[in-house]
Every structure is written in C-alpha cells, then in structure tokens.
Amino acid sequence: MNRAAWTATGLHGLVHALMLIFPQVIVDLRRDLGCSLFELSRAANIGYFAFGLGALPAGWLADRLGSRRVLVGCAAGLGVGAILVAAAENLATLTFGMTVLGLSASVYHPAGLALLMRGVDGRGRRMGLHGVGGNLGEAVGPALAAATLAVGGWPLPYAVGALLAGLALGLVLRLPPDGPAMHPQAAGAVDRVSLALVLGIALCAGFAYRGVITFLPLYARERFHAETTASGSLLTSALLGAGVLSQWIGGRLADRAPRGGSERLFFAMLLAPFVSLLALVQVGGSVSFALVAMLFGFFWFGAQPLQNALPALYAPSARHGSLYGVIFFVSFGLGSVATSAGGWIAERRDVGSAFALFAAVVGVELILAGVLALRASRRGTGAAQAPGPDLLSPF
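Computed from a predicted model, the values in this text were never measured in an experiment. (Residues numbered from 1 in each chain as written. Predicted model: local features only at pLDDT ≥ 70, side-chain atom pairs only at ≥ 80, totals over all residues. Heavy atoms only, no water.)

Nonpolar side chains collect at one region of the surface, where Phe49, Leu53, Leu103, Leu203 and Leu334 lie side by side and expose about 360 Å² of accessible area between them. When you line up the elements, Leu53 lands in helix α3 (residues 37–53). (Patch = residues over 30% accessible without salt bridge, like charges linked within 9 Å, V, L, I, M, F, W, Y side chains within 5 Å. Areas by Shrake-Rupley, 256 points an atom, 1.4 Å probe, with all protein chains shown as cover. Salt bridge = Lys/Arg side-chain N within 4 Å of Asp/Glu carboxyl O. Helix = DSSP H or I, 4+ residues; strand = E, 2+ residues; numbered from the N terminus.)

Right, let's talk about the nonpolar core for a bit. Counting residues in hydrophobic clusters, the biggest one holds 117 residues, and the most contacted among them are Leu11, Phe22, Leu78 and Phe355. Sort the elements by how many residues they give to this core and helix α10 (residues 192–224) lands first, with 17 residues. Among all residues touching Leu11, those that are not within four sequence positions of it are Leu71, Cys74, Ala75, Leu78, Tyr108, Ala168 and Val172. (Core = buried A, V, L, I, M, F, W, Y, C linked by side-chain atoms within 4.5 Å. Buried < 20%, exposed > 50% of the residue type's maximum accessible area, 1.4 Å probe, protein only. Contact = heavy atoms within 4.5 Å.)

When the terminal C-alpha atoms of α10 are compared, their 46 Å separation across 33 residues agrees well with the 48 Å that a helix rising 1.5 Å per residue should span. Of all bends in α10, the biggest is about 45°, found at Leu216, and the proline Pro217 comes one to four residues later. Most of α10 is tucked away, with 25 of its 33 residues classed as buried. (Expected span 1.5 Å × (residues − 1). Bend = angle between axes of the 7 residues up to and from the residue.)

On to the packing of α3 against helix α6 (residues 91–106), then. Axis separation between α3 and α6 bottoms out at 6 Å; the angle between their running directions is 25°. Here α6 runs roughly parallel to α3, going by the angle between their axes. In this structure, the crossing between α3 and α6 has a hand that is right-handed. Residues Glu39, Leu40, Arg42, Ala43, Ala44, Ile46, Gly47, Ala50, Phe51 and Gly52 of α3 form the contact with α6, whose own contacting residues are Leu91, Leu94, Thr95, Met98, Thr99, Gly102, Leu103, Ala105 and Ser106. Across the contact of α3 with α6, the residue classes tally to eleven nonpolar, six polar and two charged. (Axes fitted to C-alpha atoms, helices over the stretch in contact; angles between N-to-C directions. Parallel < 35°, antiparallel > 145°, perpendicular 65-115°, else oblique. Left-handed = near helix turned anticlockwise from the far one by under 90°. Nonpolar A, V, L, I, M, F, W, Y, C, P; charged D, E, K, R; others polar.)

This is the structure:
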C-alpha cells in the first residue's frame, strides 16, 4: 500500500464523516431553526443529491486531468462547505451549506476509486482498505456529533470537520502529480447489459443506505423509548464500526474469488442485509433490535468492496473515472431521494414503515445481483467481453 492509497483512505473517511453528521443533529436543528422534519429532510436530500451530482464531471475530469488535482478541489470544498453549514441561521442558508458540502464530497469517489483501481493485482485489498477508511469515518461522524452536541451545539461538529478538511488538503497536496498520461489506455468493449445491472444495483444500494443511515437514529429513539437520538447515534456508530472488519474481509475475499466468482459472492453477501432489514421492522426488544442492526451493518459493508470492484470488470481502464462518476451519481445522487421518501412516510405513518420500504429496495437489489451472477456463471468469466455501444461516451 503506497502513500496515495493511505491518503485516499483518509479522505474517504472524512467525506463520509461530514455527510453523516446531519442525521445525528436533526432533532437540534428542528428545535433551533424551527423547521419541520420534512423541511429538514428536504434540505438533506438536496445536499445528498449534490453528493451524487458532482460525481459526473469529477469522473470526466479525473480521466483527463488526473486524480490528484480533483482530490485537491474535494478537500478544499469540504472545508468551505462545513464552515457554511456551521454558520447557518435558517433553512435557506442550511440548504446552501449542505449543497456546497455535498458537491465537494461528490468529487471524491470517482477520482479516489480511479486512483485505487490502477493496476490489477491487489485491487480487492485496496478496496478493502478504502472501505475501512470510509467506515471509520462513518462511525466517527455520528460519534463526533453525539459527543459535541452538549458542548457547543450542532455547529461544533461541522467546525471540527472544517479543520480536518484543512489537514486533508495538506496531505493531498503532498501526493505526486498524476496526469492523463498515467492512466492506462487499454482498449476493450463496454458490456452494456452488465453495466445496466450494476447501475441498477448502485441505485438500490444508494437508496437503501441513505435511508437506513439517515433514519436509524430516529428509529432507535422510538424503539428504545429515549428522549433524544443519542442512543440511536451510538448504535449507528457501532453499526458502522462493525463494517470496519467486514470491509477488510470483503476485500480479501474479492482478491481470492475465482474468475467469475465475484458476482456470485456479492449476491450471497446481500442475503443477510435483506433479511436483517425485514427483521428490524418486526423484532421486539431493544437488545434484539440492536443486534439485528449490527448484523445488517456487518454484512452490508462486507459486500461493499465487491460491489465497488464490479464496475471495473465491464469497461476499459481508461474510462474508470467516468464510469465511477456515473455509478456514484446514480448511487448518491438519485439514491438520495430516500431521505425525502423516508421523511414523508415517517410523518404520515411511522419510521418502521420507512424501513419496510428500504428492505423492499434491497430485495430488488438482490434480484439484480442474482441476474448479474447468472450472467457471469454462463460466461464463465467475471469480465464480460460482449461488444456493445459505449455507455460512457457522453461523459
């Protein structure tokens, strides 16, 4: 693992930490800004949509300018966005700050993953380390919010995040320059059918992930009969922490999977999260609820290195930046609708009904993953070779 891999892993953690502060402070924002749950969910939805929207141009730029330059913009923008959110005084300024933060965060994944996917050997391990960084950030974000709310209120976590973004910017600037000449220009066909399935999987995964992570603190508050979301925030951190080990295991399994076996392994690892989400709607008792949530987190994140490595099997390496841009626009951008959908359902029915929706979406993802695994089995290879129109040509 070189300096670039470790720097990308750290920046990945910061991206997710900053984007996960909002669900933990939503109750305080509701009180201090005088907004409804739906209004705040809509503001978050705009920020999360921006989290995906910026991935499209970022992937294109990473293929042409190099990942380092794009990551510099990411780190600088994170600092600016965090400061704007911390200084928000009403719904409009909060929404603007979340939009800047989301756009800046969206730049990371296409550039960072394109950087990590260079070279064939050890891709799974790099994806595993990358996932570990993301999960540590996702665990630290809620924990940071819970720890600082009593000290300085909801602006303090964002102020701390701005300081960390400045440190990350310094680390990225120390990376050696990489330009388009360093990107492998391997020729190869784009498998449009498999990529369409991967895009469908990304949409479902992004919707379910955003919905579960956003509403788990509120759902846990109801199930634990607590007055605040502190217990839910701690459960969210524990769930994300469980994914640290499973991300590393998933990366190792990805490297050891036989040719054509990654798709089957990914399908198998999705079964447990699907069952776990169904159980969360029905299970009784605080301890049982917490254990099932932890089970969901372990297997959900264990599947992530496999899912993130799959797109690179279906397109030439020279297009990986653009490909991951499309993938993360679909996952984070379109998938962000889960915040508005979940907030709408929670206000009209209950949070448990929103989790039933998230479970149904994971069920659809499981079906798509099964079809992808069948295609790989019939071909006897993980990298489909059927020619077809280049779906990435607009980007």
